[in-house]
Amino acid sequence: MGIAPTDEQIAIQTSRARHVIAMANAGAAKTTTLALRIAESITRGVWPESIVALTFSSEAARVLQARLIEIGVDAKVARRVRCVTFDALAQQVLNDFEGVQPPFLASNEALAPHVRATVARLQLENAQRRSPRELWLPEHNDLIFEFLTLARQIKARMVRPELDDGETIEERAELLGIPEGVFLLYRHLERERAGDGVGPRWRTEFDATYDLACLLQAGEVQVPLPEYRIVIVDELQDMNPATYVVLEHLLARGKAFFTGAGDFDQVIHRWAGADVNFIRSQFGQGWRNVESLPLTRTYRHGPVMALATAALKNKAVVSGRPHETRLRLVPYADPRDAADKVVADILDWKHRGGQLDACAVVLRAPYQSIHIENALLEAGIGWRVEGLESYLLRSEILMLRGIIAFALEDYESIPGVDKRLKVLHALLLWQQFDWGARRLEDSALKTAAAQPELFDAFLKGLLLKPQTRADKQARHLSDDEAAEADARFLEKINALRQSGRGEEANTLLNLRRADAETIDESSAQRNARLRLEQALAMLRAAPADAPAHALLERAVDMLQLRRVARDIFIAPSRALMVTRSIEGFIDASRRRNLSLHDFAHWLRKAEVREARLRAAGAVLLCTVEAAKGQEFQAVMLPYLEAGAFPMAGCDRAEESNRFYVAITRVRDELSLYVPAAAERVSPFVEAMQVGKAVARGRLQVDAHF
């Protein structure tokens, strides 16, 4: 109903092969083709209840079920087909098998307390060793979230926490290519999550898939998998070893027929375990009666874009939409000029009747948003973000804003309790302050955030105060626990004196006083403290009218933030992005040429204005990963130069896939912003052969009409 399937779609719809793999292009109606395959099975007598369609997101599952109705399947029949995510299916199987439903922690924030508690135990155990090890253990939010991302990748690769006979933690970590502390924390956190045998204490996203895959792979117990005759998988390129184990057992359980559709040029979700090498080398190995069929026709954009993407990926792409998608190259002189041109094009789009919410600026990396956010603000255009934080909320920028506030003794320049709390956390992170996992959640930080006048006490009483032996001993205690320990100590002293053992009481008091006066800090802590002292002294001694950008450049050098970023973050690409983010922030201050005081207050006003503009309609500012699966009438893709896209140090094949995903989000207008110097233009842009694509695409459109 309402559809005339192409020859390619009919071939997939009616294939008699047991295993059908549909190799699709972006916008090639993958979901519609899978719906046709399901409808064909129902028409030929397969019960809808014996069909399962597996996806990686709830939205994709909902769309697939709705597409069945759109192509003519009766709504009641369509609802009998099970369209569900891999993880939801795994959760249901495990709930039936275990007889319990553990709490589901839906966010990193919900998981963070469990990570902190495990970190505290490991730190305590390590401190009690005769020779403590140097371990990377995350305490602050940014590092915890980085660890959780790594843990998700490890699970997707089916890495179990148990060691093989004779294997050491160091050997396993080296084999995985991760720091020893990361695997140690993963191992202990998974033990904590596993519980006492009754059932896990909690699960989070993808944990059910991993747990079910482990049970199925071990084969030690019979897990009652549902039996299906037809198994469908959408977005096949997002498969990973864990989901593949589940899929293979499902197929074997029901001796099922399989159809999967995906675009292997869209494998970019390495954070979720998707991997180009796994997909190309292992997927479907050992299957018999396999047919790979193409879906080359795209309905998202016109012939110009189809030809450009075909040139980029060296594959057949045909447009089924007789429409001239506008494709243009826009040269820029420098990053600031690129941002100005992006915003000018957004204004032009709006002037021509385009809606802001139908327009997206897609970025390779979050640091690239700084110039664009500032230009949008100046132009009075609202924006929203996906896949990144506004630069004013990033830890490295919050840390610099905290230092500015300390230097000026102007804590009202950071608006709101939540924002000030984030600033305090950022300062602790960037000062590499070892304060203990539990102290980070304490009321003392929240009190300082709620009362800006206490910021100075936070600076002098914590950040600039040399850590003593007593501080180190108390770092794993909360404020309440520390107060209780003090009360118990005083009770003991009084009891000793009352029993005539005053000399013993005095000895204990002297030992405690010595602990409070004895400096016990690492060289890294001492150097960080001294660098902060020197940077603040420099900022406070500077003339009131000194330009903010010059002072910030000196402060960043004195704080050695570029080196510290490499120490703090595991992934080299993360440290690089932080460095560029800081450089962009300094350039934002240079652009305004304000004093430090005026720049701090400009930042506060900018946040207020940003919220007001966003409420009036907003363009989307997003990363490539966040754009995946979406489409927009107009797409702007800035900073297309070598070293930025493809990003230096990243896998070239995956970078090519990211670029492909970015450009194929467009329906009507794609603007590619390239450096004016031809030698600096991204090789991916060169590979598109834009001039040829535009000329040949226009001929195809003219021929159609």
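The structure under discussion appears in the preceding block.
About the criteria used
- Residues numbered from 1 in each chain as written.
- Predicted model: local features only at pLDDT ≥ 70, side-chain atom pairs only at ≥ 80, totals over all residues.
- Heavy atoms only, no water.
- Helix = DSSP H or I, 4+ residues; strand = E, 2+ residues; numbered from the N terminus.
- Rg over C-alpha atoms; globule rule 2.2 N^0.38 Å.
- Contact = heavy atoms within 4.5 Å.
- Areas by Shrake-Rupley, 256 points an atom, 1.4 Å probe, with all protein chains shown as cover.
- Lys, Arg positive; Asp, Glu negative; His and termini not counted.
- Charge placed at Lys NZ, Arg CZ, Asp CG, Glu CD.
- Pairing = 2+ DSSP bridges.
- Axes fitted to C-alpha atoms, helices over the stretch in contact; angles between N-to-C directions.
- Parallel < 35°, antiparallel > 145°, perpendicular 65-115°, else oblique.
- Left-handed = near helix turned anticlockwise from the far one by under 90°.
- Nonpolar A, V, L, I, M, F, W, Y, C, P; charged D, E, K, R; others polar.
- Buried < 20%, exposed > 50% of the residue type's maximum accessible area, 1.4 Å probe, protein only.
- Salt bridge = Lys/Arg side-chain N within 4 Å of Asp/Glu carboxyl O.
- Polar contact = N/O pair within 3.5 Å; in protein donor to acceptor, adjacent residues only side chain to side chain.

Undergrad: Help me out: how do you make sense of the overall build of the protein chain in this one?
TA: When helices and strands are tallied, the protein chain shows 31 helices and 16 strands. Its C-alpha atoms give the protein chain a radius of gyration of 29 Å, within 12% of the compact-globule value 27 Å for 705 residues. A separation of at least 24 residues holds for 78% of the contacts in the protein chain among residues at least 6 apart in sequence. Element-wise, carbon and sulfur atoms account for 50% of the exposed surface of the protein chain, whose accessible area totals about 30800 Å². Of note, the protein chain has its 91 positive side-chain charges centred 2 Å away from the centre of its 95 negative side-chain charges.

Undergrad: What am I meant to see in the sheet that holds strand E15 (residues 632–637) here?
TA: In sheet architecture, strand pairing relies on hydrogen bonds along the backbone and comes in two forms, parallel and antiparallel. On the basis of which strands lie adjacent, the open sheet formed by 6 strands has the order E11-E16-E15-E12-E14-E13 and parallel pairing. At either end of the open sheet lies a strand with only one pairing partner, and these are strand E11 (326–332) and strand E13 (382–386). Strand-to-strand twist across the sheet, computed as the mean angle between neighbouring axes with direction ignored, equals 25°. Across 3 bridges, strand E12 (residues 359–363) lies against E15 in parallel orientation. Looking at the pairing, Val 361 lines up with Met 636 of E15. Across the sheet, helix H27 (residues 596–615) is in contact with E13 and strand E14 (618–623); its angle to E13 comes to roughly 90°. The sheet strands contacting helix H29 (residues 652–663) are E12, E15 and strand E16 (666–675), and the helix crosses E15 at an angle near 140°.

Undergrad: I'm lost on the packing of helix H10 (residues 207–218) against helix H11 (residues 241–254) in this one. Help?
TA: Any two packed helices are characterised by how steeply their axes cross, that is the angle between the axes, and by the distance between the axes. Packing of H10 against H11 brings their axes to within 8 Å, and their N-to-C directions diverge by 55°. Classed by the angle they form, the pair H10 and H11 counts as oblique. Of the two possible hands of crossing, H10 and H11 adopt the one that is left-handed. For the pair formed by H10 and H11, the contact residues are Thr 209, Leu 212, Ala 213, Leu 216 and Gln 217 on the first element and Ala 242, Thr 243, Val 245, Val 246 and His 249 on the second. For the contact of H10 with H11, the class distribution of residues is 6 nonpolar, 4 polar and no charged.

Undergrad: How should the sheet that holds strand E2 (residues 51–55) be read in this particular structure?
TA: Read across the open sheet, the 6 strands follow the order E3-E2-E6-E7-E1-E8; overall the sheet is parallel. In this open sheet, the two edge strands, each paired with only one partner strand, are strand E3 (82–85) and strand E8 (290–295). Neighbour to neighbour, the strand axes of the sheet diverge by 15° on average, direction disregarded. Looking at chain direction, strand E6 (residues 230–233) and strand E7 (residues 257–262) are connected through 4 bridges and run parallel. Each residue of the ladder has a partner; that of Ile 232, found in E7, is Thr 259.

Undergrad: I would appreciate a short explanation of the pairing of E14 in the present structure.
TA: Both faces of the sheet carry side chains from a regular strand, because those side chains alternate between them. Within E14, 6 of the 6 residues are buried, leaving the element largely enclosed by the surrounding structure. A two-sided burial pattern is seen for E14, the buried positions comprising Ala 618, Leu 620 and Cys 622 on one face and Val 619, Leu 621 and Thr 623 on the other. Bridge count for E12 against E14 is 4 bridges, and the pairing is parallel. Its bridge partner lying in E14, Val 362 is registered against Cys 622.

Undergrad: What am I meant to see in the side chain of Asp 410 here?
TA: Within the fold, Asp 410 resides in the loop between helix H16 (395–408) and helix H17 (417–430). Buried and unpaired, Asp 410 has Arg 604 as its nearest opposite-charge partner, separated by 7.2 Å. Here His 601 takes part through its side chain, which lies 2.6 Å from a polar atom of the side chain of Asp 410. Setting aside anything within four residues of it in sequence, one finds Asp 410 in contact with Ala 405, His 597 and His 601.

Undergrad: Help me out: how do you make sense of the pattern of salt bridges in this one?
TA: A side chain of one charge can pair with a side chain of the opposite charge if their charged atoms are brought near each other. With the rule as written, the count across this model stands at 46 salt bridges. The salt bridge partner of Asp 263 is Lys 315, with a shortest N-O separation of 3.2 Å. Of this pair, Asp 263 sits in the loop between E7 and helix H12 (276–281) while Lys 315 sits in the loop between helix H13 (303–313) and strand E10 (318–319), and the two are 52 residues apart along the sequence. Note on Asp 263: relative accessible area 1%, which makes it buried. Among the residues examined, Lys 315 registers a relative accessible area of 22% and is labelled partly exposed. A salt bridge links Asp 587 to Arg 590; the nearest nitrogen and oxygen atoms lie 2.9 Å apart. Of this pair, Asp 587 and Arg 590 both sit in helix H26 (residues 572–592), separated by 3 residues, roughly a single helical turn.

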